[in-house]
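Examination of the molecular architecture
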Amino acid sequence: MKDNFEDRKTRASAWFRSLRDEIVAAFEALEDTQTGDLPAGRFEVTQTKRHSDDGQDAGGGLMSVMRGGRVFEKVGVNVSTVYGQLGPRAVAAMAARKDLSGLKDDPTFWAAGISLVAHMRNPHAPAVHMNTRMFWTPVASWFGGGTDLNPAIEYAEDTAHFHDVLRDHCAPHAPDYYDRFKAWADEYFYVPHRNRARGVGGIFYDDLHTGDWEADFAFTQDVGRAFLPAFVPLVEKRRHSPWTEDDREAQLIHRGLYAEYNLVYDRGTKFGLETGHDANAVLMSLPPIAKWT
């Protein structure tokens, strides 16, 4: 079983990296085809490193961030593969979600994933988030992730397109996946202190371990494959739309809501900071400019 999981870890990590490469290429292609006075945006790629408390290697990844582009005001596409020992607070947080009491005896972990957040220059083009990941411990392994759309100015047809693509990619795996994971996203991406959702939803899943690793991995791959066809047509439709100062104001205020959620509630942000990953990579999801009224 150990050897089998070593192979699975390698495959999952390689998949997240290949998905990262595809998305980065697609986003730079959008920059190249956008007219305007600004130069076409390009990703700055930084290798991230993580070390254990005793200084030993504990993994890392690639942080790819584009700032000040023609289409993307800021977008980050990060991949990482990290490992080591979970701290007591991380163990307690996981045990609260599922029966992982064995982690107290052996808190060894391994995790790999991709995380993406895009903040657009044009207020009519929606911001978006996507991540998928695999998590392994000696007592359990699972997949998680999802994607959600965060328009400052909502268009019903854009929301419908985004959800239709997700539904189509969920359907081959289980008839209830889309409905279950859409409802989970509606709950997860809710901002309690504002009494509202942070966007127009998508899908979210965690602790996915059906007993068939290959099936769970195939579903996670399809969540990743759904991203570009769900999102890029919306960018292509909205990136040339004229916008006003009122539109920009709405965008900046919505970004404030997004920042509040990520700093207060997001599991990935909490886990990354808790386990000592590069803080810049963990916080790349924050918008370049935001506003509070």
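Provided above is the structure to which this section pertains.
Residues numbered from 1 in each chain as written. Predicted model: local features only at pLDDT ≥ 70, side-chain atom pairs only at ≥ 80, totals over all residues. Heavy atoms only, no water.

All right, on to the overall build of the protein then. The helix and strand inventory of the protein stands at eight helices and nine strands. The C-alpha radius of gyration computed for the protein amounts to 19 Å, which stays within 12% of the reference 19 Å derived for 293 residues, consistent with globular compactness. Considering only C-alpha atoms, the protein reaches an extent of 60 × 45 × 35 Å along its principal axes. Look at the contacts in the protein between residues 6 or more apart in sequence, and 68% of them connect residues 24 or more apart. As presented, the protein carries roughly 13200 Å² of accessible surface, and 52% of it is formed by carbon and sulfur atoms. Taking the average location of the 33 positive side-chain charges in the protein and that of its 42 negative ones, the two points are 2 Å from each other. (Helix = DSSP H or I, 4+ residues; strand = E, 2+ residues; numbered from the N terminus. Rg over C-alpha atoms; globule rule 2.2 N^0.38 Å. Contact = heavy atoms within 4.5 Å. Areas by Shrake-Rupley, 256 points an atom, 1.4 Å probe, with all protein chains shown as cover. Lys, Arg positive; Asp, Glu negative; His and termini not counted. Charge placed at Lys NZ, Arg CZ, Asp CG, Glu CD.)

Turning to the nonpolar core, a few remarks are in order. I23, F27, F72, M134, F227 and F231 are the most contacted members of the largest nonpolar core, which totals 54 residues. Here the element with the most residues in this core is helix α5 (residues 213–238); it accounts for twelve residues. The residues touching F231, leaving out its near neighbours within four places in the chain, are F27, F72, M120, P126, V128 and L149. One finds V82, L86, A90 and V91 within the second-largest nonpolar core, a separate group that totals twelve residues. (Core = buried A, V, L, I, M, F, W, Y, C linked by side-chain atoms within 4.5 Å. Buried < 20%, exposed > 50% of the residue type's maximum accessible area, 1.4 Å probe, protein only.)

Next up on the list: the environment of W142. In this structure, W142 sits in strand β6 (residues 141–150). On the basis of relative accessible area, W142 is assigned to the buried category, the value being 4%. Between the alpha carbons of W142 and D216 there is a distance of 8.2 Å; along the sequence they are 74 residues apart.

Extensive coverage of strand β5 (residues 127–136) is indicated by the burial of nine of its ten residues. Pairing of strand β4 (residues 108–120) with β5 involves nine bridges; the strand directions are antiparallel. Note that in β5 the partner of A118 across the bridge is V128. Hairpin remark: β4 followed by β5, antiparallel, with six residues in the connecting loop. Note: β5 against β6, ten bridges, orientation antiparallel. Bridging across to β6, T132 finds its partner in G145. Following β5, the chain reverses through four residues before pairing antiparallel with β6. (Pairing = 2+ DSSP bridges.)

Okay, the side chain of S285 next. Position of S285 among the secondary structure elements: in the segment after α8 (279–282). Non-local contacts of S285, meaning those with residues more than four positions away in its chain, are made with V117, H119, Y258 and N262.

One pass over the full model with this rule turns up 22 aromatic pairs. Ring centres of Y188 and F189 lie 4.9 Å apart, and the angle between their planes is 75°; this geometry places the pair in the edge-to-face category. Both residues of the pair, Y188 and F189, belong to the buried class. With 5.0 Å between their ring centres and 65° between their planes, Y205 and F219 make a pair best called edge-to-face. In this pair, Y205 is assigned in strand β9 (residues 202–208) and F219 in helix α5, connecting sequence segments 14 residues apart. Aromatic rings pair up to connect Y177, F181, W184, Y188, F189, F204, Y205, F219, Y261 and Y265 into one cluster. Residue placement shows K9 over the ring face of W136; its charged tip is 3.7 Å from the ring centre. (Phe/Tyr/Trp six-rings, centres within 6.5 Å; stacked < 30°, edge-to-face > 60°. Lys NZ or Arg CZ within 6 Å of the ring centre and 35° of its normal.)

Moving on to empty space enclosed by the protein. Summed over the entire model, instances satisfying the criterion amount to three cavities of 30 Å³ or more. Within this model, the largest cavity holds a volume of roughly 70 Å³. Together, H119, M120, P123, A125, P126, A127, N150, P151, A152, Q251, H254 and R255 line the largest cavity. The element that contributes the greatest number of residues to the lining of the largest cavity is helix α6 (residues 245–264), accounting for three residues. Counted by class, the lining of the largest cavity contains seven nonpolar, four polar and one charged residues. (1 Å grid on protein atoms, 1.4 Å probe; cavity = no way out; pocket = protein on both sides within 12 Å on 5 of 7 lines; lining within 4 Å. Points joined across faces, edges and corners; volume = space filled by probe spheres on them. Nonpolar A, V, L, I, M, F, W, Y, C, P; charged D, E, K, R; others polar.)

One can find Q251 in helix α6. In terms of polar contacts, Q251 uses its side chain to reach the side chain of R248, at 2.6 Å. In this structure, Q251 is in contact with M120, R121, N122, P123 and A152, ignoring residues within four places of it in sequence. (Polar contact = N/O pair within 3.5 Å; in protein donor to acceptor, adjacent residues only side chain to side chain.)

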